[in-house]
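Each chain is listed here by its residues.
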Amino acid sequence: MKTRFSLETPIELHHGDHLCCLYETAEERRMVLALVMRQGLERGEKASLIGDIQGSQALLDQMRDDGLEVSPYLSSGQLGVMSFDETYMREGVFDSDKMIDLLETETDRALTQGYSGLRVTGDMSWTLKTPPGVEEIINYEAKLNEFFPGSKCIGICQYDKRLFPPAMLMDVLATHPLAIIGTEVFDNFYYMPPKDLLHYNPQVLLDHMLRNLKEHKRAKEENRIAYEKLKQIFDTATDGMRVIDREFNILRVNTTFSKLTGISKDEALGKKCYEVFGGPVCHTPNCTLTRVLGGEELVEFEVERERSDGTKIPCIIRAAPIQGPDGDVIGIVEDFKDISERKLMEEHLRVLPQKLLQAQEKARQRIARDLHDQIAQDLFTVKIACETLFDNEADAPLEARHRLLDLTRMVQGSIVAVRNLSYDLGPPGLDQRGLARTVSQYCQDFSDRHGVSVDFHAVGMDGLKLDFDTEINLYRLVQEALNNVKKHADAKQVTVRMIASSPNIVVRIEDDGIGFDLNDRLASAAKEKRLGLRSMEERVGLLEGEMRIQSRAKEGTRIFIEVPNKGKKNVAKQKHTDN
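Read on for an overview of the structure. (Residues numbered from 1 in each chain as written. Predicted model: local features only at pLDDT ≥ 70, side-chain atom pairs only at ≥ 80, totals over all residues. Heavy atoms only, no water.)

What follows concerns the overall build of the protein chain. A tally of regular secondary structure across the protein chain gives 18 helices and 20 strands. Relative to a compact globule of 579 residues, whose C-alpha radius of gyration would be 25 Å, the protein chain shows 45 Å and is clearly more extended. The principal-axis extent of the C-alpha atoms belonging to the protein chain is close to 155 × 60 × 45 Å. When the 579 residues of the protein chain are sorted by exposure, 44% land in the buried category. Considering only intrachain contacts with a sequence separation of at least 6, the fraction spanning at least 24 residues in the protein chain is 65%. Charged side chains of the protein chain number 77 positive and 93 negative; the gap between the two group centres comes to 7 Å. (Helix = DSSP H or I, 4+ residues; strand = E, 2+ residues; numbered from the N terminus. Rg over C-alpha atoms; globule rule 2.2 N^0.38 Å. Buried < 20%, exposed > 50% of the residue type's maximum accessible area, 1.4 Å probe, protein only. Contact = heavy atoms within 4.5 Å. Lys, Arg positive; Asp, Glu negative; His and termini not counted. Charge placed at Lys NZ, Arg CZ, Asp CG, Glu CD.)

Right, let's talk about unusual backbone geometry for a bit. Each neighbour pair has its own omega, and for Ser 502 with Pro 503 the value is 10°, a cis peptide bond. Mapped onto the fold, Pro 503 is located in the loop between strand S15 (493-500) and strand S16 (504-511). Positioned with a positive phi, Asp 490 is a non-glycine residue whose angle comes to about 55°. A positive phi is found at Lys 554, a non-glycine position, where the angle reads about 70°. Looking at where Lys 554 falls in the secondary structure, it is placed in the loop between strand S17 (546-551) and strand S18 (557-564). Overall, the relative accessible area of 78% leaves Lys 554 in the exposed class.

Tallying each qualifying case throughout the model produces 29 salt bridges. Residue Glu 91 pairs with Lys 98 through a salt bridge whose shortest N-O separation is 2.8 Å. Look at Glu 91 and you get exposed, because its relative accessible area is 56%. Classification of Lys 98 by relative accessible area gives partly exposed; the value is 34%. Across the pair Asp 235 and Arg 252 runs a salt bridge, and its minimum N-O distance is 3.8 Å. (Salt bridge = Lys/Arg side-chain N within 4 Å of Asp/Glu carboxyl O.)

Now for the packing of helix H4 (residues 96-112) against helix H5 (residues 137-147). Axis separation between H4 and H5 bottoms out at 10 Å; the angle between their running directions is 35°. Considering the relative orientation of H4 and H5, their crossing is right-handed. Contacts between H4 and H5 pair Ser 96, Asp 97, Met 99, Ile 100, Leu 103, Glu 104 and Thr 107 from the former with Tyr 140, Lys 143, Leu 144 and Phe 147 from the latter. Among the residues making up the contact of H4 with H5, the classes are represented as 6 nonpolar, 2 polar and 3 charged. (Axes fitted to C-alpha atoms, helices over the stretch in contact; angles between N-to-C directions. Left-handed = near helix turned anticlockwise from the far one by under 90°. Nonpolar A, V, L, I, M, F, W, Y, C, P; charged D, E, K, R; others polar.)

Before going further, it helps to spend a moment on a negative patch on the surface. A cluster of acidic side chains, namely Asp 95, Asp 101, Glu 104, Asp 108, Glu 135 and Glu 136, defines a negative patch on the protein surface. Tracing the chain through its elements places Asp 108 in helix H4. (Patch = residues over 30% accessible without salt bridge, like charges linked within 9 Å, V, L, I, M, F, W, Y side chains within 5 Å. Areas by Shrake-Rupley, 256 points an atom, 1.4 Å probe, with all protein chains shown as cover.)

Reading across the sheet, the 5 strands line up as S9-S8-S12-S11-S10 and stay open at both edges, with antiparallel pairing between neighbours. Either end of the sheet is taken by a strand with one partner, and the two such strands are strand S9 (250-253) and strand S10 (299-306). Strand-to-strand twist across the sheet, computed as the mean angle between neighbouring axes with direction ignored, equals 30°. The pairing of strand S8 (residues 240-245) with S9 spans 3 bridges and is antiparallel. If you follow Arg 242 over to S9, its bridge partner there is Val 253. (Pairing = 2+ DSSP bridges.)

Neighbouring strands of a sheet are bound in pairs by backbone hydrogen bonds; such pairs are parallel or else antiparallel. Judged by pairing direction, the sheet is mixed, and its 7 strands sit side by side in the order S3-S2-S4-S5-S1-S6-S7 without closing on themselves. Edge strands, defined here as strands with exactly one partner in the open sheet, are strand S3 (79-82) and strand S7 (184-187). Strand after strand, the sheet turns through a mean of 20° between neighbouring axes, direction not considered. Direction of pairing for strand S1 (residues 18-23) relative to strand S6 (residues 178-181): parallel, over a ladder of 4 bridges. Residue pairing for S6: Cys 20 is matched across the bridge by Ala 179.

The subject of this paragraph is helix H13 (residues 398-425). For the α-helix, the turn length of 3.6 residues means that residues three or four positions removed from each other point alike. For H13, built from 28 residues, the straight-helix expectation of 40 Å at 1.5 Å per residue is met to within 8% by its first-to-last C-alpha distance of 40 Å. Considered for burial, the residues of H13 that qualify are Leu 404, Thr 408, Val 411, Ile 415, Val 418, Ser 422, Tyr 423 and Leu 425. (Expected span 1.5 Å × (residues − 1).)

Here we come to the environment of Thr 121. Secondary-structure assignment places Thr 121 in strand S4 (residues 118-123). As for Thr 121 and Leu 210, which are separated by 89 residues in sequence, their C-alpha atoms are 32 Å apart. Residues within four places of Thr 121 in sequence aside, it is in contact with Leu 33, Met 37, Ser 48, Leu 49, Ile 50, Ile 156 and Gln 158.

Attention shifts here to the pairing of S18. Bridge analysis of S16 against S18 gives 8 bridges, and the strand direction is antiparallel. Across the sheet, the residue bridging to Ile 509 is Ile 559, located in S18. In this structure, S17 lies alongside S18, joined through 6 bridges in antiparallel fashion. The residue bridging Ser 551 from the neighbouring strand is Thr 557, located in S18. Connecting S17 to the next strand, S18, in antiparallel fashion are 5 residues, including Lys 554 with a positive phi near 70°.

Listed below in C-alpha cells is the structure:
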C-alpha cells in the first residue's frame with residue numbers, strides 16, 4: 001500500500017546541516033528518511049544510505065511507494081548503499097577522524113562527478129554491538145559539527161529511541177544542531193558547540209544550561225514584543241480588518257472594523273463573516289475566502305458592503321491567506337478600506353464639468369438674448385433710421401445719399417453678424433421647437449453659410465421630451481462635429497442622423513472629406529491644445545454615453561454617438577424630421 005507523507009513542520013535542509021533522527025517505529029524512520037533523501041536526489045545531490053541490507057532496502061521501498069523510481073538513481077551512482085563495514089568499521093575498529101576523512105573524500109567525489117553536494121544518512125544501531133572504538137562515538141558526533149559547516153555535505157544520524165538508553169540519547173541531542181523527533185523538526189535547544197562538549201565538565205554544562213535559559217527567555221520576550229506590535233498594528237489600523245477561519249467564522253476584528261460596520265467586537269466574534277458586513281459577493285465564487293482557498297495569494301477588488309443599520313459602504317477589499325505550521329491555509333485576514341469619501345469626490349468631479357457646462361450654457365443664453373433683444377434691435381433701428389433719413393429731403397446731395405447707403409449696408413452686415421453670433425451662442429427656439437427641428441434648422445443654416453450640403457434626418461425624436469442638459473449637449477455635439485468638418489474635412493457632403501430608440505438615442509455624423517489618422521489627430525490635438533474631439537468626448541461622458549470615431553485618409557470620417565434615452569413621449573407625432 002502506498003503511503004504519502006509530509007513532515008508536520010516543513011524542513012529545508014542546507015549544505016552543512018547536521019541532524020539526528022530519533023524515531024520510535026520503523027514506519028516513522030522509513031517515511032521521514034525516504035522523504036529527506038528523495039529531496040536530495042531531486043535537487044541534484046548525491047545520496048548515500050549507510051546501514052544493514054534490510055534497513056536500506058526498506059528505505060528504497062518507501063521511496064518507490066512514494067512514487068520515486070529509484071532504479072535510474074542506483075544505476076547512475078547518484079544513489080548508493082553502503083554497509084557498516086565499508087564505512088564506520090573499515091579497518092575493524094571505529095576511528096572518528098578516519099570516518100570524517102571518508103565523508104570529506106566522498107563529498108569531493110560527488111562534486112567532481114557534477115553533483116551539487118552529498119547527502120548521507122547512517123543507522124547508528126551498529127554501536128549497540130560495542131565494536132572496538134565505539135566509546136568515541138559522542139566525540140565523533142561533536143567533531144562532525146566542525147566538519148559540516150562550510151562543507152557541501154548534509155548528515156542525518158539515525159537513533160532508535162527504543163534501543164538506546166536515555167543517557168546516550170541526551171548526549172546525542174547535545175551533539176546535533178537540528179533534531180527530527182518522530183515526524184517533527186526542531187532547532188535543537190539542547191545542542192552544545194564542540195568546544196564545550198569536547199571539553200566537558202560540570203561547569204561547562206552549567207554555563208551552557210544558563211545560557212540556554214537566558215536565550216530562551218530573550219526569545220520568548222522577543223516573541224511577546226513582536227506579538228504585541230502586530231496586535232497594536234492590527235487594532236489601530238486605519239482600515240477595518242478581521243480574521244476568518246476556513247469555516248467562515250470571525251476570529252478577530254479591530255476597532256476600525258467595529259466603527260465601519262456599527263457592530264462591536266464582542267458582537268462580531270463567533271459570527272459567520274457573511275452575517276457581519278455582508279455584500280453581493282457572499283455565497284458566490286468571488287467570495288474572498290473561497291478564492292484564497294482556491295489558491296489565490298492576494299484577492300483585491302471593489303465592492304459595496306452593508307452596515308448593521310442598512311447603510312451601503314463602498315470598500316476596497318484585500319484578503320490574504322493565513323498559513324498553519326504545515327503550510328496549509330487555515331484562514332484569511334481581510335482588509336476593508338472605506339472609499340466613501342473618494343466616491344463622493346469622484347461624483348463631485350463628475351458633476352463639476354456638467355455644472356460648468358450648464359453655467360456656460362446659461363451665460364451663452366443670456367448673452368445670446370442680449371445680442372438679439374438689444375444690440376440687434378438697436379442696430380435694426382439704426383438701419384431703419386439710415387434708410388429713412390433723406391425721405392423728406394429730395395434735394396439731399398447724391399454723395400451723401402451714397403455714403404448713407406454704404407453705412408446702411410455696414411449696419412445690415414453687423415445685424416447679420418450679431419444674429420449669427422447670437423444663434424451660435426444659444427440655439428433659438430430649442431425649448432419651443434424641440435431638439436430635432438432646432439438641429440434641422442442649424443444644419444440648413446450651416447449649408448447656406450458654408451456651401452456644404454448637410455442631409456439631416458431624425459427618427460423617433462418628435463414629441464420626445466428631454467431634459468435641457470441632454471438637448472443642449474446633443475445640439476452642441478452636432479454643432480461641434482459640423483464645425484470640425486468646416487475646419488478640417490474639406491467635405492462636400494455631410495449626413496447627420498438622429499434616432500431615438502430604446503434604450504439609446506443614436507447620433508451618426510458622416511462626411512466625404514479627406515479623413516485623418518485618429519491616433520495622430522488626438523496626439524496633435526492634445527499638443528496644440530485643440531479641444532474639438534476632446535470637448536465632444538467630455539459632453540458624451542456627461543450624458544453617460546459612448547462615442548466612436550472611424551476615419552481614414554481620403555475616406556472621410558464617421559462619428560457614432562450613443563447616449564441613454566431618458567426622454568418621455570408627450571403625444572404621438574410624425575415619425576421623422578428632415579431639413
